[in-house]
Amino acid sequence: MTAQIIDGKAFAASLGERIAGHAAAFAARTGRAPGLAVVLVGTDPASQVYVRSKGRMARQLGMESFEHVLSEDCTQQELMSLIGDLNADDTVDGILVQLPLPGHLDSLAVIKAIDPDKDVDGLHPVNAGYLASGMPGLVSCTPLGCLMLLRSSLGNLSGLDAVVVGRSILVGKPMAQLLLAENCTVTMAHSRTRDLPAKLAQADIVVAAVGAAEMIQGDWIKPGATVIDVGTSRVTRDGKARLVGDVHFETAARRARAITPVPGGVGPMTIMTLMHNTLIAAYRRVGLPAPDLK
Ligand code: NAP
């Protein structure tokens, strides 16, 4: 079997077109575009690239982008005060604080300070609680993107056996909740899981979010499974730097029915689901019914 490649880049582009349409409709209705504020602390080059690309994408889709850069040595109080200002600003619908923050800052306190209605990263405990309770909230971007790709590839997920490898607050835990809400039977694997290959042998759906280069071997995958590879690791092969996932792509693609590549799978979806969440937050904040783009 040769797996169908799940093209995250193409899916993200078509989702972007729909988001842009709804952003324009929002602006026509309210007299302002949905607004996304991104906060960067320090000068980490990778974070600078992420922040710039989020701002650019927001503008491309007809949203307002507000970028705030604080110095590496800013105090917790300065950062909290900025979050307070953004919470109070009616033109801001979404607030994203680029993580990780410098070590002297308390990330959890910052996340908790964000108005849950503007928490477009879906990390606030209120939004995590809504997700676990099956109530509408804002869902963490990467797992939301994975769910969209799974639905586009499989249609109805009900009754399927899913294994999520990794249990972070950012990816693994919300992913498992989303799959449970789709009526999958979900197993969460982590670093203490015994015999991961035996767990994966039962999985119709595998979502790998570990950050360990190609640790999941192709022959661990159940024939006909759908594989979503969230992991990204930089490796050097034959003298060349490459980005690889948690799954050994070549061997897994021989057994899976469908698989995401790295790069070009989950990555492009993460930025687009951030735009999706900003749009949803904007509609909800003004009391308009939010479009269902899932
Ligand atoms: P994380 O917070 O470091 O969590 C990693 C998880 O993997 C932990 O739950 C850990 O288990 C588990 N784990 C570690 N070794 C394992 C093993 N041998 N077997 C099974 N599970 C194991 O990482 P994260 O933030 O969730 O990110 C995971 C990966 O996804 C990273 O490569 C990251 O760069 C990538 N990522 C990509 C995107 C994207 O848009 N493409 C977005 C977010 C993240 P314990 O809990 O037991 O320690």
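Everything below is about the structure printed above this text.
This one's a predicted model, so the numbers in the text were calculated from it and none came from an experiment. (Residues numbered from 1 in each chain as written. Predicted model: local features only at pLDDT ≥ 70, side-chain atom pairs only at ≥ 80, totals over all residues. Heavy atoms only, no water.)

## A word on unusual backbone geometry
A cis amide bond links Leu99 with the next residue in sequence, Pro100, at an omega value of 0 degrees. By the element assignment, Pro100 lies in the loop between strand 4 (94-97) and helix 4 (107-113). Residue Val262 is joined to Pro263 through a cis peptide bond whose omega torsion reads 0 degrees. Within the fold, Pro263 resides in the loop between strand 11 (258-259) and helix 10 (266-285). A positive phi angle, near 50 degrees, is found at Glu214, a position not held by glycine. Relative to the helices and strands, Glu214 is located in the loop between strand 7 (205-208) and strand 8 (226-229). (Helix = DSSP H or I, 4+ residues; strand = E, 2+ residues; numbered from the N terminus.)

## A closer look at the pairing of strand 7
Alternating positions in strand 7 separate into two faces, Ile205 and Val207 on one and Val206 and Ala208 on the other, with burial throughout. Direction of pairing for strand 5 (residues 161-165) relative to strand 7: parallel, over a ladder of four bridges. Pairing of Val164 across the sheet is with Val207, part of strand 7. Bridge analysis of strand 7 against strand 8 gives four bridges, and the strand direction is parallel. By the bridge assignment for strand 8, Val207 is matched with Ile228. (Buried < 20%, exposed > 50% of the residue type's maximum accessible area, 1.4 Å probe, protein only. Pairing = 2+ DSSP bridges.)

## What to know about the site of the ligand
Near the ligand you find 18 residues, and of these Arg167, Ser168, Ser191, Thr232 and Thr270 are the closest. Split into classes, the residues belonging to the shell around the ligand amount to seven nonpolar, ten polar and one charged. (Near = heavy atom within 4 Å. Nonpolar A, V, L, I, M, F, W, Y, C, P; charged D, E, K, R; others polar.)

## A word on the pattern of salt bridges
Scanning the model with the defined rule gives seven salt bridges in all. Linking Asp93 and Arg32 is a salt bridge whose minimum nitrogen-to-oxygen distance equals 2.8 Å. With a gap of 61 residues between them, Asp93 in the loop between helix 3 (76-88) and strand 4 and Arg32 in the loop between helix 1 (8-30) and strand 2 (35-41) connect regions that are remote in the sequence. Each member of the pair, Asp93 as well as Arg32, is classed as buried. Linking Glu214 and Arg237 is a salt bridge whose minimum nitrogen-to-oxygen distance equals 3.0 Å. In this pair, Glu214 sits in the loop between strand 7 and strand 8 while Arg237 sits in strand 9 (residues 233-237), placing the two residues 23 residues apart along the sequence. Taken together, the shared-partner salt bridges connect Arg32, Asp90, Asp93 and Arg285 into one network. (Salt bridge = Lys/Arg side-chain N within 4 Å of Asp/Glu carboxyl O.)

## What about the side chain of Ser65?
Counting through the fold element by element, Ser65 comes out in strand 3 (residues 64-70). In terms of polar contacts, Ser65 uses its side chain to reach the side chain of Glu67, at 3.0 Å. (Polar contact = N/O pair within 3.5 Å; in protein donor to acceptor, adjacent residues only side chain to side chain.)

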